[in-house]
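Single-letter residue listing:
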Amino acid sequence: MHIRFTKMQGAGNDFVVLDETAAALGLQPAHYRQLADRHFGVGADQILTVRPSPAPGIDFEYLIHNADGGQVEQCGNGARCFARYVHDKGLTDKDVLRVQTLAGVIELRLAPDGRVRVDMGRPAFDPASVAFDPRGLQPVAEGLGQKWPLALEGQAPAAMVWIALVSMGNPHAVQLVPDVDAAPVALVGPLVEGHPRFAERVNAGFLQIVDRTRARLRVYERGAGETLACGSGACAAVSAGIRLGLLDKRVDVHTRGGLLTIEWSGEPHASVFMTGPATTVFEGEIDLPADASASA
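Every residue gets a number counted from 1 within its own chain, in the order that chain's sequence is written. The predicted origin of the model limits local features to residues at a pLDDT of at least 70 and limits the giving and counting of side-chain atom pairs to 80 or more, whereas totals for whole chains, interfaces and linings rest on all residues. Calculation of side-chain values draws on the structure's entire complement of heavy atoms; hydrogens and water are dropped beforehand.

Caption draft 1: Structural context of helix α2 (residues 76–88). The numbering of helices and of strands both runs from the N terminus, where a helix is a DSSP run of H or I of at least 4 residues and a strand a run of E of at least 2. A helix is expected to span 1.5 Å for every residue after the first. Helix length check: α2 (13 residues) gives 19 Å between terminal C-alpha atoms against 18 Å at 1.5 Å per residue, within 8%. The buried fraction of α2 amounts to 11 of the 13 residues, a majority that puts the element mostly inside the structure. Those residues of α2 that sit buried are Gly76, Asn77, Gly78, Ala79, Arg80, Cys81, Phe82, Ala83, Arg84, Tyr85 and Val86. At the exit of α2 stands Gly90, carrying a positive phi of roughly 75 degrees. A 1.4 Å probe rolled over the protein chains alone gives each residue an accessible area, and that area as a share of the maximum for its type sets the label: buried under 20%, exposed over 50%, partly exposed in between.

This is the structure in structure tokens:
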């Protein structure tokens, strides 16, 4: 199976982008794993697929597969790359796009400076929105938000961490840390991501608040491990910080891959907006086995 692809990145979060507007490629989970593999494939945090409009009023459908081959609901950095891709490839001449994802319809706006602004939708903070089992736990109120105790096992440096639950269409557990560089992301991230209280696993965010308009963030992503940036994770972290009374309505989030600007009014029915870069790295072609399971 011979396919063309585009390698893109947004704040260091890197993607393989596939065009299925003319016809579906029929890829299997093992194909996505091979594409994402940094030794035997192209290398990427996620695989993004462009599909034609599924309904009137929608410009495209947008599919996201993690490096482990599993499909996920949302990817903010990927959404910006998606918008840049369809515009640069001549698939649309619109500067404002409505795109269908598993999490719902999102709006993408291309700015004259090359950055992309994404309407990421409304955040949700109830345990059910992130498939979290709260039985037997007592949250602590802070500001208008809550922090939940989460007991850790294995080699965790602490027996328990306090997390804020946020859904941006995909699940996030955000914990505050004094120094994001010193945070035990590689150790605690997997313990939170795969914690049995999260029925569908979770993205584990480590948030350092610099001041009310600046924050630093690392995210151990569900199915991908730590990435250089996580757009939905930045939206979740800022939303949690605003709810906890720690951040203002517009925050510059410094990730290891670059700067993302997150805006949220704090109103219950208001969307979170994310602005950041989207860049093409290179184009290429790759041969994949027709039956990926044979080589998986």
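Past the structure itself, the notes keep going.
Caption draft 2: Examining the pairing of strand β17 (residues 259–263) more closely. Sheet analysis places strand β16 (residues 250–254) next to β17, joined by 5 bridges and oriented antiparallel. Residue pairing across strands places His254 opposite Leu259, the latter belonging to β17. Between β16 and β17, which pair antiparallel and follow one another directly, the connecting turn spans 4 residues, one of which, Gly258, has a positive phi of 155 degrees. Two elements, β17 and strand β18 (residues 273–276), share 3 bridges in a ladder whose sense is antiparallel. Counted as the bridge partner of Glu263 is Phe273 from β18. Strands are labelled as partners when DSSP assigns at least two bridges between them.

Caption draft 3: How the structure looks around helix α4 (residues 231–243). With 13 residues, α4 should cover 18 Å at 1.5 Å per step; its first-to-last C-alpha distance of 18 Å lies within 8% of that length. Counting buried positions along α4 gives 12 out of 13 residues, so the element sits mostly inside the fold. Residues of α4 that are buried: Gly231, Ser232, Gly233, Ala234, Cys235, Ala236, Ala237, Val238, Ser239, Ala240, Gly241 and Ile242. Gly245 sits one or two residues past α4 and shows a positive phi near 80 degrees.

Caption draft 4: Quick look at the nonpolar core. Tyr62, Phe82, Leu97, Leu108, Val118 and Ile262 are the most contacted members of the largest nonpolar core, which totals 53 residues. Looking at which element gives the most residues to this core, the answer is α4, with 7 residues. The next biggest cluster of nonpolar side chains, apart from the first, holds 21 residues, and it includes Leu150, Ile163, Val202 and Phe206. Here, nonpolar core means buried Ala, Val, Leu, Ile, Met, Phe, Trp, Tyr and Cys residues that are tied together by side-chain atoms lying within 4.5 Å of each other.

Caption draft 5: Spatial organisation of the side chain of His195. Looking at the secondary structure, you find His195 in the loop between α3 (185–193) and β13 (203–211). Taking the relative accessible area as the measure of exposure, His195 reaches 10% and is therefore buried. Every residue in contact with His195, bar those within four places of it in the chain, is listed here: Leu150, Ala151 and Leu152. In this analysis, two residues are considered to be in contact whenever any of their non-hydrogen atoms come within 4.5 Å of each other.

Caption draft 6: Spotlight on the pairing of strand β6 (residues 96–101). The alternating pattern of β6 places Leu97, Val99 and Thr101 on a buried face, while none of Val96, Arg98 and Gln100, on the opposite face, is buried. The sheet contact formed by strand β4 (residues 60–66) and β6 spans 2 bridges and is parallel. The residue bridging Glu61 from the neighbouring strand is Gln100, located in β6. Two elements, β6 and strand β7 (residues 104–110), share 6 bridges in a ladder whose sense is antiparallel. Looking across to β7, one finds that Gln100 is bridged to Val105.

Caption draft 7: Structural view of the environment of Asp68. Within the element layout of this structure, Asp68 appears in the loop between β4 and β5 (71–72). Sequence separation between Asp68 and Arg222 is 154 residues, and the spatial gap between their C-alpha atoms is 9.3 Å. Those residues within four positions of Asp68 in sequence are excluded, and the remaining contacts are Arg33, Arg201 and Gly223. Think of a polar contact as two N or O atoms within 3.5 Å of one another; within protein, one of them needs to be a possible hydrogen donor and the other a possible acceptor, and neighboring residues in sequence only count if both atoms come from side chains. Here Gly70 takes part through its backbone nitrogen, which lies 3.0 Å from a polar atom of the side chain of Asp68. Separated by 3.2 Å, the side chains of Asp68 and Arg201 make a polar contact.

Caption draft 8: How the structure looks around the pattern of salt bridges. One side-chain nitrogen of Lys or Arg within 4 Å of one carboxyl oxygen of Asp or Glu is enough to make a salt bridge. Under the defined criterion, the tally for this structure stands at 21 salt bridges. Between Lys94 and Asp59 there is a salt bridge whose closest N-O contact spans 2.6 Å. One end of the pair, Lys94, is in the loop between α2 and β6; the other, Asp59, is in the loop between β3 (46–52) and β4, with 35 residues separating them in the sequence. With relative accessibility at 39%, the residue Lys94 sits in the partly exposed group. Here Asp59 falls in the buried class, since its relative accessible area comes to 18%. For the salt bridge of Arg201 with Asp68, the shortest nitrogen-to-oxygen distance reads 3.2 Å. Taken as a pair, Arg201 in the loop between α3 and β13 and Asp68 in the loop between β4 and β5 lie far apart in primary sequence, 133 residues in all. In the salt-bridge network here, residues are joined through shared partners; they are Lys7, Asp14, Arg38 and Asp45.

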